[in-house]
Structures are given as structure tokens and as C-alpha cells.
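Fold and contact review
The lines below spell out each chain.
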Amino acid sequence: MSYLQSINEEIKKYFEVLEPTFPVWLDRYIETKQMQRLKFISTSCGTIYSKLYSDRVFYSTLDHSVAVALIIWHFTHDKRQTLAGLFHDIATPVFKHCIDFMKGDYTKQESTESETHEMIAGSSEIMKYLKEDGISLSEVEDYKIYPIADNDKPKLSADRLEYSLSDGYFRYGLLNFEQVKRIYQDIEIEINEQNFPEVGFKTKKIAREFVKATSEMSIIYREDRTRYSMQLLAEISKRLCQDGLLKIEDLYSIKESEVIDIIKKSRYNEIFSIWQNATKVKTSKDRPTGVYSVKINSKVRYINPLVNGERIYDICKLAKRMIDKNLAYDMSNYVYLDSNFKIFQ
């Protein structure tokens with residue numbers, strides 16, 4: 001069964017909004033071993049496995065990658081840019097950005113991208129297809145060279161647009177399907193202050209609707225429960241490697257479910273189970289004693305999109321307040337769960 005035949009009907013319907021005519025030339029790239037691996041990695045950075053969250057749908061890193069490619073194709077019809085978007089997460093490990101946390105990369109969360117070249121170059125299938133399509137590796141290994149695909153925050157790119165729409169719809173329930181359609185249909189390509197093309201909006205009202213959802217999501221991405229969850233999974237993954245139960249390279253080759261099976265057979269099963277069944281985290285200004293606690297900063301994701309060539313922050317007081325509230329979120333507390341677990345102390 002092909003990828004498109006296997007996906008959730010809601011996801012398929014969402015893809016049709018992004019690009020009504022699926023580019024069939026993309027199929028063979030999607031079906032490669034390196035891309036298919038991403039089917040088993042959630043975009044949630046592992047948080048989907050805890051009752052602290054209530055994701056509606058398992059939305060995989062492959063789903064996200066295909067959706068980014070569809071957005072780029074919809075607006076450019078350029079194979080090189082589209083493939084760069086498809087491959088941008090090809091080096092994603094199990095638990096996604098938790099492994100950035102494991103490497104100490106809390107605020108940029110880009111350390112896992114360093115293997116992208118090797119992942120593509122190491123695939124005989126992908127390299128064969130690129131050669132047949134007359135495309136070089138250098139044209140698709142770094143989506144940052146294409147400003148529509150990716151750019152510096154707080155600008156809007158295909159990548160940021162996609163995870164905002166899919167997270168808002170599939171994960172957090174901040175957007176319904178009609179809102180997703182309305183927002184996407186208002187998108188156009190504009191020229192920004194640096195004279196580069198950028199994803200922007202035609203109307204201020206819809207851009208403000210988007211900013212409302214993304215400002216709320218930005219806080220979720222770094223709120224107390226998220227920082228605790230990601231650091232806990234990072235700590236467990238690191239210690240599994242130290243204990244010889246897992247190798248770093250395994251994080252780039254096996255499924256999340258397989259890592260969870262390893263955790264459940266390890267000495268970290270107790271704290272993992274406590275986290276899985278938790279419904280609320282606790283916080284403290286002072287470091288709590290006798291429990292595993294987390295106090296770290298995290299990447300601040302926010303979007304200040306263009307609306308007819310102007311930043312919404314500059315032309316809409318409501319949007320400005322939403323963005324300012326997002327940026328003011330406090331990450332100074334210790335976060336913890338009640339537990340007598342001692343191994344991490």
C-alpha cells in the first residue's frame with residue numbers, strides 16, 4: 001500500500017486543501033526507505049505518549065514533510081524547492097527535538113539537521129531519482145536557501161505555516177477544518193523588507209486569526225509541561241545510550257514504539273510510566289527536593305506575518321498584544337512530577 005493510500009482520511013482531506021492536484025512525480029521520493037522511516041516519528045516530540053496531552057490524530061514527521069512540499073509546490077511549481085521542503089526533516093531522530101535537548105540545543109533546536117546531507121547522499125534511491133530529474137544534491141539538501149521554504153523567525157515560511165496549521169488542527173484543536181481552509185486560501189507570496197519572497201496574507205482579519213492561534217501554540221511549545229516532557233525524554237534517551245541499551249545511531253533508524261519498548265524494560269520504566277499517566281505538572285520557584293525537576297529555557301517560536309507588505313505587529317493592535325503576551329511567557333520555574341524516583345538525582 002502506498003503512502004497516500006495509507007494515510008488518515010482527515011490528513012488526506014487536509015492535503016487536498018494545500019494542493020488539490022497531488023504532484024505524482026513526488027511519489028517515488030516519498031516511498032524511499034529514508035522518507036518512510038519518518039512515518040513512525042510523531043511531530044509532537046514524544047509528548048503524544050503522555051496524558052498531559054490529548055492529540056486528536058497521530059501526525060507523523062512524514063505527514064509534515066509531505067505537507068510542506070505540497071505548500072511549496074502549490075506556490076512555486078518548482079521541483080528543487082519542493083524536494084528541499086520534502087527532505088528538510090529527513091534526518092529527524094526518534095522523539096524529534098527532544099534529541100536537540102539531549103545535545104543541549106534547547107533554544108535553536110537545529111542540531112539534528114546536521115545529518116541531512118548524509119541521509120540524502122546515503123540513499124542510492126534518492127540519488128538515482130535526483131539524477132534522472134536533473135537535480136543536484138546541493139539544490140535540495142538545505143531548504144534554508146529557499147526563503148519560501150524556510151526563513152528566520154518571525155517571518156512566515158512554508159514550514160512554519162504547515163506546522164501551525166496541522167498542529168492547530170490535528171493536535172491542539174485551536175483550528176477547525178474551515179479555519180484551516182480560510183487561512184490557507186488567504187495566503188499569497190509577497191516581497192518582504194529584504195526584497196525576498198515570503199509567505200504572506202491578503203487580509204488583516206485572517207492574518208490576525210492566524211496570529212491568535214500561533215501565539216497560543218507558541219506558548220504550548222515551551223510551556224512547563226512541554227519543557228518537562230522533552231527534557232525527561234532527552235534524559236532517558238541519553239541514559240539508555242550510556243547504559244548500552246541504545247546507540248545514538250539507533251535514534252535515526254528505529255521506531256518510537258521500539259524505543260518505548262526498550263524504556264519499559266529498563267530501570268527508567270517507573271518515571272516514564274509516571275509521566276505517561278500524569279495529567280498535570282507542578283511548578284516551584286525553588287528547586288524541589290527528592291524529585292526529578294527541570295529548569296531550562298526553550299526555543300521561542302512566534303510569527304509576525306506580512307499583510308499586503310506590512311508586518312501585522314505594526315498595523316494591528318490586537319495582534320501586537322497577542323504576540324507580546326506570547327513573548328512574555330515565563331520559563332523561570334522548576335517543573336516536576338510527584339515521584340520518589342532516585343536514579344536521576
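Look up: the structure comes first, before these words.
The residue numbering used here restarts from 1 in each chain and proceeds along that chain's sequence as written. Predicted model: local features are reported for residues with pLDDT of at least 70 only, side-chain atom pairs are reported and counted for 80 or more only, and whole-chain, interface and lining totals are derived from all residues. Derived side-chain values reflect all non-hydrogen atoms in the structure, with water molecules and hydrogen atoms excluded from consideration.

Secondary structure assignment for the protein yields 17 helices and seven strands. A compact globule built from 345 residues should have a C-alpha radius of gyration of about 20 Å, and the protein, at 20 Å, falls within 12% of that. Referenced to the eigenvectors of the C-alpha coordinate spread, the extents of the protein come out at roughly 55 × 50 × 35 Å. The classification of residues rests on relative accessible area computed with a 1.4 Å probe and restricted to protein chains. Under 20% of the type maximum is buried, over 50% is exposed, and intermediate values are partly exposed. Residues classed as buried in the protein amount to 57% of the 345 residues present. Only heavy atoms enter the contact rule, under which two residues are in contact if any of them lie within 4.5 Å. Look at the contacts in the protein between residues 6 or more apart in sequence, and 74% of them connect residues 24 or more apart. Of the roughly 14900 Å² of accessible surface on the protein, a fraction of 49% belongs to carbon and sulfur atoms. Only four residue types enter the charge count, namely Lys and Arg as positive and Asp and Glu as negative; His and the chain termini do not. Throughout, a charge is located at the NZ atom of Lys, the CZ atom of Arg, the CG atom of Asp or the CD atom of Glu. Across the protein, the 50 positively charged side chains and the 51 negatively charged ones have centroids separated by 5 Å. By definition, any uninterrupted DSSP run of H or I lasting at least four residues is a helix, any uninterrupted run of E lasting at least two residues is a strand, and each is numbered from the N terminus. Throughout, radius of gyration means the C-alpha value; the globule benchmark is 2.2 Å times the number of residues raised to the power 0.38. Per-residue accessibility takes into account occlusion by the displayed protein chains alone, with areas from the Shrake-Rupley method and a 1.4 Å probe.

Attention shifts here to the sheet that holds strand β4 (residues 293-294). With respect to topology, three strands assemble into an open sheet ordered β3-β7-β4, the strand pairing being antiparallel. At either end of the open sheet lies a strand with only one pairing partner, and these are β3 (282-284) and β4. In this description, a line fitted to the C-alpha atoms serves as the axis of each element, helices being fitted only across the stretch in contact, and the angle between N-to-C directions of two axes falls anywhere from 0 to 180 degrees. Strands in contact with helix α13 (residues 224-242) are β3, β4 and β7 (334-336); relative to β7, the strand with the most contacts, it is inclined by about 70°. What makes two strands pair is DSSP finding at least two bridges between them.

In this section: the sheet that holds strand β6 (residues 310-311). Adjacent strands of a sheet form backbone hydrogen bonds with each other and so pair up, either parallel or antiparallel. As summarised here, the arrangement of the four strands in space is β1-β2-β5-β6, forming an open sheet in which the pairing is mixed. Of all strands in the sheet, those with a lone pairing partner are β1 (187-191) and β6, marking the two edges. The pairing of strand β5 (residues 306-307) with β6 spans two bridges and is classified as antiparallel. Each residue of the ladder has a partner; that of Val-307, found in β6, is Glu-310.

Here the focus is empty space enclosed by the protein. Put plainly, a pocket is an open set of points on a 1 Å grid over the protein atoms alone with protein on both sides within 12 Å along at least five of seven lines, a cavity is a set where a 1.4 Å probe fits but cannot get out, and a lining residue has an atom within 4 Å of a point. Grid points are joined across faces, edges and corners, and a volume is the space filled by probe spheres set on the points. Under the criterion given, the structure shown has two cavities of 30 Å³ or more. Here the second largest cavity defines a volume of roughly 50 Å³. Forming the walls of the second largest cavity are Tyr-163, Ser-164, Thr-214, Met-217, Ser-218, Tyr-221, Arg-301, Tyr-302 and Ile-303. Listed by contribution, the elements that provide at least two residues to the lining of the second largest cavity are α10 (158-171) and α12 (204-222). Considering each element in turn, the lining of the second largest cavity owes the most residues, four residues, to α12.

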